[in-house]
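# Structural features, examined
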Amino acid sequence: MTEPAERTRRSGAKSKQARPPRELAPDHAEQDMGAKLDHGAPTLNYSVLPMVGIGGSAGAIPSIQTFFQAMPRDSGLAFVVVMHLSPEHESALAEVVQSWTEMRVEQVVNSVKVRRNHVYVIPPGKQIAAANGNLELADLPSDRGRRVAVDLFFRTLGDTHGPRGAAIVFSGADGDGAIGLKRVKERGGLTIAQDPEEAGHPSMPQSAIDTGLVDWVLRAADMPERLVKYFELAQ
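Below: a short report on this structure. All values reported here derive from a predicted model rather than from experimental measurement.

### Considerations on the overall build of the chain
- Tallying secondary structure elements over the chain gives 8 helices and 10 strands in all.
- Classification of the 235 residues of the chain by burial places 53% in the buried group.
- Restricting to contacts in the chain with at least 6 residues of sequence separation, those with at least 24 account for 74%.

Below you can see the structure in the form of structure tokens.
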């Protein structure tokens, strides 16, 4: 059962005038990887475990902290955190996220089997993909334009998980996630954007909202309960 699209926020903030959907041109990285990422139909069945993709960039850490602190340890979901991380530095993101939740958190190193009630974190300088119940890494394409790690993951999430997938776009300073979110929606998945009024950098969630394909616009603290109920109803 899919809940109807929700275009108003539950936070009590004043509604903004709706913007028309904007045209999203393919990104260079998506064009380069088109043969690998594009599929004519989802490869999933309803036995695949539910997966939640979380994308963010600048200013997203406080909101993601709020999200995980409110998420039950036994939701039955798997979570993949895709952040823009500098490839020149080791990341402590997995350790930081672990301090917010009782779920097991691990940075993906090679191919890893996805398990319920686990959180998986992207390492610096990599792209991550969902494939056949696993998460797989590859080098991130050279920077010839905007960042695309979130878009690339969301596309594989849509193709492999279909209606058992959810994509969330948190705070960030560019439009990464908006194109990949379209694939999740096309495949019957749930799409969520952080309320731009809460986001430290609203460009990423606002770009997602501007596609016209976001189901819910929510504050970070309101997302966990809604997600759990959504997937319970979808069983």
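### A word on the sheet that holds strand β7 (residues 134-139)
- If you walk across this open sheet you meet the 3 strands as β4-β7-β6, and the pairing is antiparallel. Of all the strands in the sheet, the pair left with one neighbour each is β4 (112-113) and β6 (126-131).
- Where β6 lies against β7, 6 bridges are found, and the strand directions are antiparallel. Across the sheet, the residue bridging to Ala131 is Asn134, located in β7.
- Sheet strands in contact with helix α5 (residues 149-161) are β6 and β7, and its direction is about 5 degrees off that of β6.

### With respect to the pairing of strand β2 (residues 78-83)
- Buried residues dominate β2, accounting for 6 of its 6 residues.
- In β2, alternate side chains face the same way, and those of Ala78, Val80 and Val82 on one face and Phe79, Val81 and Met83 on the other are all buried.
- As paired strands, strand β1 (residues 51-56) and β2 are joined by 6 bridges and run parallel to one another. Bridge pairing in β2 links Val52 to Phe79.
- As a crossover connection, the stretch from β1 through helix α3 (residues 61-70) into β2 is right-handed.

Thresholds, definitions, all that
- Residues numbered from 1 in each chain as written.
- Predicted model: local features only at pLDDT ≥ 70, side-chain atom pairs only at ≥ 80, totals over all residues.
- Heavy atoms only, no water.
- Helix = DSSP H or I, 4+ residues; strand = E, 2+ residues; numbered from the N terminus.
- Buried < 20%, exposed > 50% of the residue type's maximum accessible area, 1.4 Å probe, protein only.
- Contact = heavy atoms within 4.5 Å.
- Pairing = 2+ DSSP bridges.
- Axes fitted to C-alpha atoms, helices over the stretch in contact; angles between N-to-C directions.
- Right-handed = clockwise from strand over helix to strand, strands pointing away.

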